[in-house]
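Coordinates in review
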Amino acid sequence: MENYINLTLKVWRQKNAREKGRFETYQVKNISTDSSFLEMLDILNEQLINEGQEPVAFDHDCREGICGMCSLYINGRPHGPDDDITTCQLHMRKFKNGETIWIEPWRSAGFPVIKDLIVNRTAFDQIIAAGGYVSVNTGGVPDANAIPIPKDDADEAMDAASCIGCGACVAACKNGSAMLFVSAKVSQLALLPQGRVEAARRAKNMVAKMDELGFGNCTNTGACEVECPKGISVANIARLNREFLKAKLQD
Amino acid sequence: MSNLLSSSIGKKLLMGLSGLFLMMFLLVHLTVNALLLVPDGGEFYNAAAHFMATNPFIKVMEPMLAIGFLVHILWGVKLTLENQKARGNSRYASGNKTTGVTWASQNMLVLGITIFAFLVLHIAQFWVKMKLVGDPRLEGIDITIGGVSTHVENAYALVNYTFSYLWVVIVYIIAGVGLALHLSHGFWSSFQTIGFSNQIWRQRLSVLGSIYAWVVGLGFALIALLQYLFYQPV
Ligand code: HEM
Ligand code: SF4
Ligand code: FES
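Scope of this entry: the structure provided in the associated data block. (Residues numbered from 1 in each chain as written. Chains lettered and ligands numbered in written order. Predicted model: local features only at pLDDT ≥ 70, side-chain atom pairs only at ≥ 80, totals over all residues. Heavy atoms only, no water.)

Residue and element names in this part refer to chain A. A positive phi angle, close to 85°, is found at Leu72, a residue other than glycine. Residue placement: Leu72 occurs in the loop between α1 (37–50) and β3 (73–74). Notably, Asn75 is not glycine yet its phi reads approximately 45°, a positive angle. You can see Asn75 is positioned in the loop between β3 and β4 (77–78). (Helix = DSSP H or I, 4+ residues; strand = E, 2+ residues; numbered from the N terminus.)

Structure (structure tokens):
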């Protein structure tokens, strides 16, 4: 049933990476419970623009939970008070009339704030560039069915491949560790024959890049797995540890 | 190798392996201590303590154990400091409402420091007296081991005397609970760290880890308590 609610928002505002930020309080009225969280922020921004104020900067793109652009730490949880969804999939029916909502950027040394609620996540791109791919040499197109892959491996690889690189795992981690993300990216390829060829080099290079960029050491608390919108399992972290240690011992 | 050990996963490997090693030691230690409860005036326990003190394998393992502790403690502190840096200084104003994360897993250093504080006391109470400065209560007695009369230290008397103080027993109970909590996360975590876990084994290791942690933690505490309650020297 559609309902309309009024809310108090505490939003992190920060001019740029260098300046200190602070929370600003805003009121929004008559928000449909059928609208999404980002639509609610759009309404806020329209309100701000009409009042001649600067709108709140936040990341978003697909708005259907597949691109990984949206972020936001909402009321104590990355992607807000719902499980296995991204912020763009969060509905306003998850909030009560009169509620105060705290909206913060991801906070981790690896993800510095650029402006308001937007953080710099290029560290993830750098980690991918360090080895999160398969090299494809030119030539004839191989037959897709030529390499048999066990169903279990294919399933696990697909599960790992569902990581959208949003960074909620880092945002939730008390150690600022990126291990869930890196383990998903290593696993999706390590499980498949096409990815095995470069598996050792990939694990070494991606972990080296992750360390270099200042992400923390995983202590297996499991907060990442709980907050991951795609349900990426920490079993992938055990696989990454295996792949990495194997690769190092082969040197 | 140095390259391996400077990586995040390599540093964690040291934590995991030293943790596994310490956990194996605890199992041996608890087994020997359980002999304190045999109601024979300490004869069995003294025989076992004599065996442990004279056995060449144990002589080799003792410095290994010291190294194991040292590596575990130094790297534990180092990792925790690095992780605080990686996390950064800004805190979430709306707190942390993530559910399903155990308290122990987030407080391993605090629990470790509790264990360390206990360890200092424990070593001063027993190891220092048995190996370095001596204690009148340790004065040798003759017991028969396998039909042969042997002169051994009366370790039982020292242990029994130490546990006649209530505050000592309370400290042991607190340390036992701290240890159990440390291992309730540490057991599973060490296997995960060395790469031995997956969706199925995670469940098994968690269950096994809880059993191990509480049997060991409460086991040591219970031995101290029972010594206090029932085995007062006359
Ligand atoms: C008999 C004593 C101890 C045992 C059996 C033990 C066992 C363990 C185990 C199995 C782990 C998990 C390792 C991993 O995740 O791979 C661990 C983690 C940890 N231990 Fe201990 N520990 C002991 C004493 C201590 C002490 C004295 C400290 C002192 C500072 C300490 C500090 C830590 C820390 C900070 C961690 C978390 C680090 C991480 O997971 O990376 N532990 N311990
Ligand atoms: S592992 Fe999950 S939380 Fe981490 S980046 Fe991927 S989708 Fe986001
Ligand atoms: S905007 Fe694409 S996942 Fe949320």
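Here the focus is the coordination of the iron atom of ligand 1. Residues and elements named next belong to chain B. In the first shell of the iron atom of ligand 1, the protein supplies His72 (NE2) and His182 (NE2), at 1.9 to 2.0 Å from the metal. Taken together, the six donor atoms surrounding the iron atom of ligand 1 define angles of 86 to 180° at the centre, an arrangement classified as octahedral. Remark: His182 occurs in helix α8 (residues 166–193) and His72 occurs in helix α4 (residues 56–87); sequence separation between them is 110 residues. Classification of His182 as buried rests on a relative accessible area of 11%. (Donors = N, O, S within 2.8 Å, 3.2 Å for Na, K, Ca; no water. Tetrahedral: all angles 85-135°; square planar, octahedral: opposite > 155°, others 65-115°. Buried < 20%, exposed > 50% of the residue type's maximum accessible area, 1.4 Å probe, protein only.)

This paragraph deals with the packing of helix α5 (residues 179–190) of chain A against helix α7 (residues 199–212) of chain A. All names here are of chain A. Where α5 contacts α7, the axes come no closer than 11 Å and their chain directions differ by 165°. Between α5 and α7, the angle falls in the class roughly antiparallel. Crossing geometry of α5 relative to α7 is assigned as right-handed. Along its contact with α5, which presents Met179, Val182, Lys185, Val186, Leu189 and Ala190, the element α7 presents Arg202, Ala203, Met206 and Met210. (Axes fitted to C-alpha atoms, helices over the stretch in contact; angles between N-to-C directions. Parallel < 35°, antiparallel > 145°, perpendicular 65-115°, else oblique. Left-handed = near helix turned anticlockwise from the far one by under 90°. Contact = heavy atoms within 4.5 Å.)

Residue and element names in this part refer to chain A. Within the structure, ligand 2 sits among 13 residues, and Cys163, Cys166, Gly167, Cys169 and Cys228 are positioned closest to it. Elements that contribute at least two residues to the shell around ligand 2 include exactly α4 (168–172) and α5. A per-class count over the shell around ligand 2 returns eleven nonpolar, two polar and no charged. (Near = heavy atom within 4 Å. Nonpolar A, V, L, I, M, F, W, Y, C, P; charged D, E, K, R; others polar.)

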